[in-house]
Amino acid sequence: MSDSVRPPLSKSNVTPSLFGPEPEPWEEADQGDIQCAQIVFDLPIDAVFDYVVPDDLRGQLQAGQRVRAPFGRGDRLVVGYCVGIGPPQRWDRLKRLERIVDREPLLSPRMLELTRWIADRYLCGWGQVLESVVPAGVKKQAGTREVLLVRLNPEATAEMTAKLSKKQAAIVEALRTAGTPMTTAAIRELAQCGDGPIQLLRQKGILQAATERSQVGAAHEATSLETPKPIHLNGDQQGVLDRVLKALREREHKTFLLAGVTGSGKTEVYIRAIEEVVSYGRQAIVLVPEISLTPQTIRRFKSRFPSIAVLHSHQSDVERHAHWQQIARGQVQVVVGARSAVFAPTPHLGLIVIDEEHETSFKQDITPRYHAREVARKRSELEGVPLILGSATPTLESWLRAKTGVDELLRMPRRVEGLPMPPVTIVDIREDAMCLGGASIGRALSHAMQHALEKGGQIILFLNLRGYSTVVWCKACGASMKCPHCDVSLTWHKEAQTLLCHSCDYRTPPPVMCPSCERPGLRYLGTGTQRLEQEVRTRFPGVACTRMDSDSMKRPGSHDKALEAFRHGDTKILLGTQMISKGLDFPNVTLVGVIDADTILHQPDFRSSERTFQLIAQVAGRTGRSKRGGRVLVQTSAPQEPAIVRASRHDYVGFAGTEMEHRRQMHYPPFSHIARVILRGPVEKDVHDESARLATVCEAEALRLGLQIGLLGPAPAPVARLKSNFRYHLQLSADELLPLQTLWRSVGPNFKPVREVELSVDVDPLNLR
């Protein structure tokens with residue numbers, strides 16, 4: 001696909017009914033004096049609208065500011081984004097802007113170019129992207145208030161200030177001494193006066209007053225951290241760092257794939273590269289998965305850089321706005337955050353780093369459905385700076401780009417200090433008497449846990465299923481309890497004494513009788529983290545155990561508290577979901593147990609093997625990080641599965657080679673691009689009929705345009721009903737992105753589903769449910 005930004009459409013290309021009654025045409029004689037602004041709105045349409053800038057707003061409006069403008073049949077005032085100022089494509093249907101919302105632009109010209117590219121690539125409205133990029137706290141100006149600031153009138157003459165009362169003279173002297181505008185309260189305190197003298201000076205023209213917004217709170221608190229001990233890089237680290245520094249010093253835009261095993265010291269390489277960037281007076285953005293934003297990670301960056309901003313989803317609007325302002329003013333050296341931190345308004349960007357680049361959380365699952373890795377690629381290209389993608393288990397998309405020379409591959413195949421990779425033992429639970437009897441922890445893992453505890457080690461147990469029992473099943477009729485709004489089984493949460501849908505949050509007390517056959521005898525099957533915790537406490541009484549999942553970590557600070565207790569040795573066994581699989585470095589962990597390696601393996605997703613390999617490799621990397629060593633036990637019902645076997649050997653290259661050949665034969669990504677179209681609605685027949693009609697339209701249009709596009713479906717989605725909506729999907733595929741984009745730009749604007757049926761497009765989807 002070409003990365004060039006195509007020219008925006010004007011409102012003359014859009015159905016007139018969107019704009020309501022046509023305004024009066026502008027006379028030809030007036031046109032030379034008219035200034036027009038190009039505005040986009042938070043709508044799923046690919047259109048830019050021309051508006052006349054009133055005379056009183058000229059000189060104030062800039063691209064990147066928000067405005068209020070009349071829109072639609074009733075000329076309802078709607079907030080939009082100004083993306084440019086220039087002549088309109090037509091003069092006969094222009095309306096006037098109502099007012100400017102922001103004093104200063106919220107988005108720079110490069111950010112506008114980046115968001116235009118996102119809209120093009122991910123087939124959504126430019127206004128939708130802009131609405132997503134600017135945090136809600138920034139739009140609301142959270143944590144600020146309007147204050148009246150008073151200053152001396154620079155045009156006031158000596159004669160005007162010659163005959164002043166004592167109080168008035170004190171006011172003038174206070175402002176001269178301060179050298180900056182002051183609030184009336186501050187003036188009253190310094191001059192020991194009331195409001196009267198201030199008002200008289202304003203009436204005489206000696207003082208001027210203006211309303212401005214002022215920040216109420218500070219963005220980050222002061223922290224006192226220990227100075228870190230000097231770290232000496234090994235040969236692998238130094239070689240990688242030298243190549244990155246060369247790119248930085250030569251101001252070279254380059255994407256590096258840093259493939260380093262767990263514990264190889266990738267973070268220290270990032271930090272050394274960032275130190276170089278900061279020494280130039282520039283800024284760096286570091287993206288990490290949300291679950292990797294642990295106190296340990298944050299502490300490591302704060303100990304090396306005096307000014308960092310940490311951005312995550314749990315921040316308040318006030319905190320997010322304060323950080324945004326400080327970053328935009330260049331007062332922050334390093335921005336560390338999750339997916340959306342890729343849009344941090346750094347004016348002097350010098351480097352972008354994405355750690356754990358394989359993480360699926362870097363792909364947004366609501367419009368705009370962008371992938372932060374691809375956005376970072378484009379932003380680093382626009383800014384002319386290097387991009388580092390780091391992972392022990394890179395995505396096959398990134399691996400292919402590196403192997404074909406599009407990106408540069410940097411390898412760190414050994415752990416720091418010569419530590420060996422932990423041995424991984426595959427345990428076939430089909431032959432384990434304890435597991436066959438209903439236990440989650442098999443005989444081998446139980447013995448290994450006992451031995452680790454006796455030797456003073458700590459243990460991590462991984463299970464990627466929340467709740468107590470994952471299935472509630474009727475022995476009499478064979479029915480399972482399902483959510484009434486979703487095609488999903490309800491999960492038994494024992495602590496809350498409720499059956500819970502993990503998709504829509506529906507809750508209901510557990511029934512005494514089966515709802516289907518009205519007989520007693522419901523059975524609770526499957527194991528979640530709550531049940532695992534109970535089993536651990538029963539088998540190892542008196543041993544401190546902590547569960548970490550989204551149910552147990554709801555209170556603010558609970559995540560940090562749990563990890564600190566584990567770091568200090570107060571907790572001996574840490575168990576949980578993916579929350580514990582990344583961002584943790586605890587030297588005393590000598591055993592990692594994967595309770596069920598098959599939870600992802602058998603999902604209807606062509607990436608299931610890749611994700612299984614990544615998960616086992618990442619969890620296994622939590623142990624063996626000191627001279628005490630460590631080991632990993634992986635419980636599975638599929639011990640011969642190639643992904644599990646390769647992960648047990650720490651053989652990423654071998655796995656990638658086998659899986660890539662399979663993908664090539666099946667013409668799956670990374671050897672193709674996919675656009676998944678999902679239709680949903682409350683009436684299944686309507687959704688079915690509309691999906692069939694859309695497939696017919698796509699097929700005919702692809703033929704008319706001469707596009708080589710594969711079409712799969714339509715069919716019910718794997719989760720056929722979600723939040724009371726039936727779901728059908730179809731899949732478009734092509735060797736390159738451009739044919740998919742060309743087809744959808746032709747089909748999308750003209751395909752109007754029947755009422756109550758909605759559709760969405762996901763380009764290069766990661767979630768195929």
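Refer to the preceding data block for the structure.
Now for a look at the structure at hand. (Residues numbered from 1 in each chain as written. Predicted model: local features only at pLDDT ≥ 70, side-chain atom pairs only at ≥ 80, totals over all residues. Heavy atoms only, no water.)

Here we take up unusual backbone geometry. Here the bond from Thr-367 into Pro-368 is cis, since omega is 0 degrees, no more than 30 degrees from zero. Within the secondary structure layout, Pro-368 lies in the loop between strand E14 (349-355) and helix H11 (372-383). Of note, the bond from Gly-713 into Pro-714 is cis; its omega dihedral lies within 30 degrees of zero at 10 degrees. Of note, Pro-714 is situated in strand E29 (residues 710-722). Of note in this structure, Glu-417 is not a glycine but carries a positive phi near 60 degrees. Mapping Glu-417 onto the fold places it in the loop between strand E16 (408-412) and strand E17 (424-428). For Glu-417, a relative accessible area of 67% translates into the label exposed. (Helix = DSSP H or I, 4+ residues; strand = E, 2+ residues; numbered from the N terminus. Buried < 20%, exposed > 50% of the residue type's maximum accessible area, 1.4 Å probe, protein only.)

Before going further, it helps to examine the nonpolar core. Grouped burial of nonpolar side chains is what soluble globular proteins tend to show. Ranked by internal contacts, the top residues of the largest apolar core, which has 110 residues, are Leu-107, Ile-118, Phe-343, Leu-694 and Leu-732. For Leu-694, the contacting residues outside a window of four places in its chain are Val-677, Leu-679, Leu-730, Trp-744, Val-747, Phe-751 and Leu-759. Of all hydrophobic cores here, the second largest spans 32 residues; its members include Ile-274, Leu-293, Val-310 and Leu-410. (Core = buried A, V, L, I, M, F, W, Y, C linked by side-chain atoms within 4.5 Å. Contact = heavy atoms within 4.5 Å.)

Before going further, it helps to spend a moment on the layout of surface pockets. The volume enclosed by the second largest pocket comes to roughly 1,600 Å³. Looking at the second largest pocket, it is lined by 44 residues, and the ones nearest its centre are Ile-231, Glu-268, Gln-296, Arg-300 and Asp-585. Of all the secondary structure elements, the ones that give two or more residues to the lining of the second largest pocket are helix H8 (266-279) and helix H9 (295-302). Of the residues that constitute the lining of the second largest pocket, the class distribution is 13 nonpolar, 16 polar and 15 charged. (1 Å grid on protein atoms, 1.4 Å probe; cavity = no way out; pocket = protein on both sides within 12 Å on 5 of 7 lines; lining within 4 Å. Points joined across faces, edges and corners; volume = space filled by probe spheres on them. Nonpolar A, V, L, I, M, F, W, Y, C, P; charged D, E, K, R; others polar.)

This brings us to the pairing of strand E13 (residues 334-337). Judged by which residues are buried, E13 turns out to be covered on both faces: Val-334 and Val-336 on one side and Val-335 and Gly-337 on the other are all buried. Examined bridge by bridge, strand E11 (residues 283-287) and E13 share four bridges and lie parallel to one another. Paired with Ile-285 across the strands is Val-335, a residue of E13. The parallel pair strand E12 (residues 308-311) and E13, bridged by helix H10 (residues 317-328), forms a crossover whose chirality is right-handed. (Pairing = 2+ DSSP bridges. Right-handed = clockwise from strand over helix to strand, strands pointing away.)

Turning our attention to the pairing of strand E24 (residues 545-548). The two faces of the sheet receive side chains in turn, since in a regular strand these alternate between them. Burial along E24 is two-sided: the face carrying Cys-545 and Arg-547 and the face carrying Thr-546 and Met-548 are both buried. In terms of strand pairing, E24 meets strand E25 (residues 573-576) through four bridges, oriented parallel. Directly across from Arg-547, in E25, lies its bridge partner Leu-575. The handedness of the E24 to E25 crossover, carried by helix H16 (residues 558-567), is right-handed.

This brings us to H11. For H11, built from 12 residues, the straight-helix expectation of 16 Å at 1.5 Å per residue is met to within 8% by its first-to-last C-alpha distance of 16 Å. Counting buried residues along H11, 11 of its 12 residues qualify, which places the element largely inside the surrounding structure. Within H11, burial applies to Ala-372, Arg-373, Glu-374, Val-375, Ala-376, Arg-377, Lys-378, Arg-379, Ser-380, Leu-382 and Glu-383. Immediately beyond the C-terminal end of H11, within one or two residues, lies Gly-384, with a positive phi of roughly 70 degrees. (Expected span 1.5 Å × (residues − 1).)

Here we take up the pattern of salt bridges. Scanning the model with the defined rule gives 48 salt bridges in all. When the shortest N-O distance is used, the salt bridge between Asp-55 and Arg-58 registers 3.6 Å. Here Arg-377 and Glu-374 are joined by a salt bridge, their closest N and O atoms 3.3 Å apart. Taken together, the positions of Arg-377 and Glu-374, both in helix H11 and three residues apart, correspond to about one turn of that helix. Each member of the pair, Arg-377 as well as Glu-374, is classed as buried. In the salt-bridge network here, residues are joined through shared partners; they are Glu-357, Arg-373, Glu-374, Arg-377, Arg-401 and Asp-407. (Salt bridge = Lys/Arg side-chain N within 4 Å of Asp/Glu carboxyl O.)

Two numbers describe how helix H20 (residues 684-705) lies on helix H21 (residues 737-747): the axes approach to 10 Å, and their chain directions differ by 120 degrees. With respect to H21, the axis of H20 lies oblique. Every pair of crossing elements has a handedness; the one defined by H20 and H21 is right-handed. Note on element contacts: H21 touches H20 through Thr-742, Leu-743, Trp-744, Ser-746 and Val-747, opposite Leu-694, Val-697, Cys-698, Glu-701, Ala-702, Arg-704 and Leu-705. Partitioning the contact of H20 with H21 into residue classes produces eight nonpolar, two polar and two charged. (Axes fitted to C-alpha atoms, helices over the stretch in contact; angles between N-to-C directions. Parallel < 35°, antiparallel > 145°, perpendicular 65-115°, else oblique. Left-handed = near helix turned anticlockwise from the far one by under 90°.)

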